Amino acid sequence: MTAVARDRLPYSWRPGCPVHYRDLRLVTLSYWGFDNKPHTGELVVHKSVTDDIVTVFRKLYGWRWPIRQMKLVDAFKADDYASIEADSTSAFNCRRATGSSNWSNHAYGKAIDVNPRENPYVTASGSTAHKNAEKFTERPMKGKGVINPGDKVVKAFAQVGWEWGGYWSGTKDLQHFSKGGG
């Protein structure tokens, strides 16, 4: 993990964000792709949670648990919708929480979205904004890169003090893990 150069965050960080980019870290991680081959990806997280992320992703790698791709949200001009459409696992993005005026935990570098197509944000009525994710709104379900209640991915994050958005009441954010919830 290394300090993040300002030019690596041209879209996701700006003055007024709740954390300074100097408090963020670039973490380079190995992961197993949906093609059953090892890949290298990058996440930006708050410096206080780098060990958590390395611990969890080391376990996922050891299990050969698949991730479609892992790119900084800046590859999508910090457009959360576009990043989700591309099924990119990502973390830091200085943005408001969905449907709120409050900062998302992503804006603090303390949240990550994992395989967002296979693990969509699902409204209380059971719908999702992403057509390519509609078949993944039910839980539990089998599938490559799918996260289910109580599975080893949820437990790995819980062991480092992270909560899963799949346990929220009403709306479920099946892709979302965050330090301290929210």
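It should be emphasised that the depicted structure is a prediction, and the values quoted were computed from it without experimental measurement.

Undergrad: How would you summarise helix α1 (residues 50-62) if you had to cite specific residues and measurements?
TA: Taking 1.5 Å per residue, 13 residues should reach 18 Å; α1 reaches 18 Å between its end C-alpha atoms and fits that length. Listed in full, the buried residues belonging to α1 are Thr-50, Asp-52, Ile-53, Val-54, Val-56, Phe-57 and Leu-60. Immediately beyond the C-terminal end of α1, within one or two residues, lies Arg-64, with a positive phi of roughly 55 degrees.

Undergrad: Give a detailed account of the packing of aromatic side chains, specifying residues and quantitative values.
TA: For the structure shown, the criterion picks out seven aromatic pairs. Here Trp-32 and Tyr-61 contribute two aromatic rings whose centre-to-centre distance is 5.4 Å and whose plane-to-plane angle is 25 degrees, an arrangement assigned as stacked. On the criterion of sequence distance, the pair formed by Trp-32 in strand β2 (residues 24-32) and Tyr-61 in helix α1 is long-range, its members being 29 residues apart. Given the relative accessible area of 11%, Trp-32 is considered buried. Residue Tyr-61 is classed as partly exposed on the basis of its relative accessible area of 30%. Aromatic rings pair up to connect Phe-57, Phe-157, Trp-162, Trp-164, Tyr-167 and Phe-177 into one cluster. Sitting over the face of the ring of Trp-32, Arg-64 holds its NZ or CZ atom 3.8 Å from the ring centroid. It is Arg-96 that lies over the ring of Trp-103; its NZ or CZ is 3.9 Å from the centre.

Undergrad: How would you sum up the pattern of salt bridges? Please name residues and give values.
TA: Evaluation of the coordinates by the stated rule reveals eight salt bridges. Residue Asp-23 pairs with Lys-47 through a salt bridge whose shortest N-O separation is 3.3 Å. Taken as a pair, Asp-23 in the loop between β1 (2-3) and β2 and Lys-47 in the loop between β3 (38-46) and α1 lie far apart in primary sequence, 24 residues in all. Exposure remark for Lys-47: the relative accessible area of 40% places this residue in the partly exposed category. Here Arg-68 and Glu-118 are joined by a salt bridge, their closest N and O atoms 2.8 Å apart. One end of the pair, Arg-68, is in the loop between α1 and β4 (69-70); the other, Glu-118, is in the loop between β6 (111-113) and β7 (121-122), with 50 residues separating them in the sequence. We classify Glu-118 as buried; its relative accessible area is 1%. Linked by salt bridges that have partners in common, Arg-68, Asp-87, Arg-117 and Glu-118 make up one network.

Undergrad: Explain the side chain of Asp-87 to me, and be specific about the residues and the numbers.
TA: Here Asp-87 lies in the loop between α2 (80-85) and β5 (88-89). Look at Asp-87 and you get buried, because its relative accessible area is 2%. A distance of 2.9 Å separates a polar atom in the side chain of Asp-87 from a polar atom in the side chain of Arg-68. A polar atom in the side chain of Asp-87 sits 2.9 Å from the backbone nitrogen of Arg-117. Aside from chain neighbours lying at most four places away, what touches Asp-87 is Arg-68, Gln-69, Asn-115, Pro-116, Arg-117 and Glu-118.

Undergrad: Could you give an account of helix α3 (residues 152-159), with specific residues and numbers?
TA: Within the span of α3, buried status applies to Val-153, Val-154, Ala-156 and Phe-157. On an axial view of α3, the arc spanned by its buried residues comes to 160 degrees, and they lie on one face. Against α1, β6, β8 (162-164) and β10 (176-179) lie the buried residues of α3. Among the residues of α3, the N-terminal cap falls to Asp-151, whose side-chain oxygen and the backbone nitrogen of Val-153 are separated by 3.1 Å. Positive backbone phi, at 85 degrees, marks Gly-161, one or two positions downstream of α3.

Scoring rules and cut-offs
Residues numbered from 1 in each chain as written. Predicted model: local features only at pLDDT ≥ 70, side-chain atom pairs only at ≥ 80, totals over all residues. Heavy atoms only, no water. Helix = DSSP H or I, 4+ residues; strand = E, 2+ residues; numbered from the N terminus. Expected span 1.5 Å × (residues − 1). Buried < 20%, exposed > 50% of the residue type's maximum accessible area, 1.4 Å probe, protein only. Phe/Tyr/Trp six-rings, centres within 6.5 Å; stacked < 30°, edge-to-face > 60°. Lys NZ or Arg CZ within 6 Å of the ring centre and 35° of its normal. Salt bridge = Lys/Arg side-chain N within 4 Å of Asp/Glu carboxyl O. Polar contact = N/O pair within 3.5 Å; in protein donor to acceptor, adjacent residues only side chain to side chain. Contact = heavy atoms within 4.5 Å. Arc of directions from axis to C-beta.

Fair warning: the whole summary comes from geometry, so function is off the table for now.
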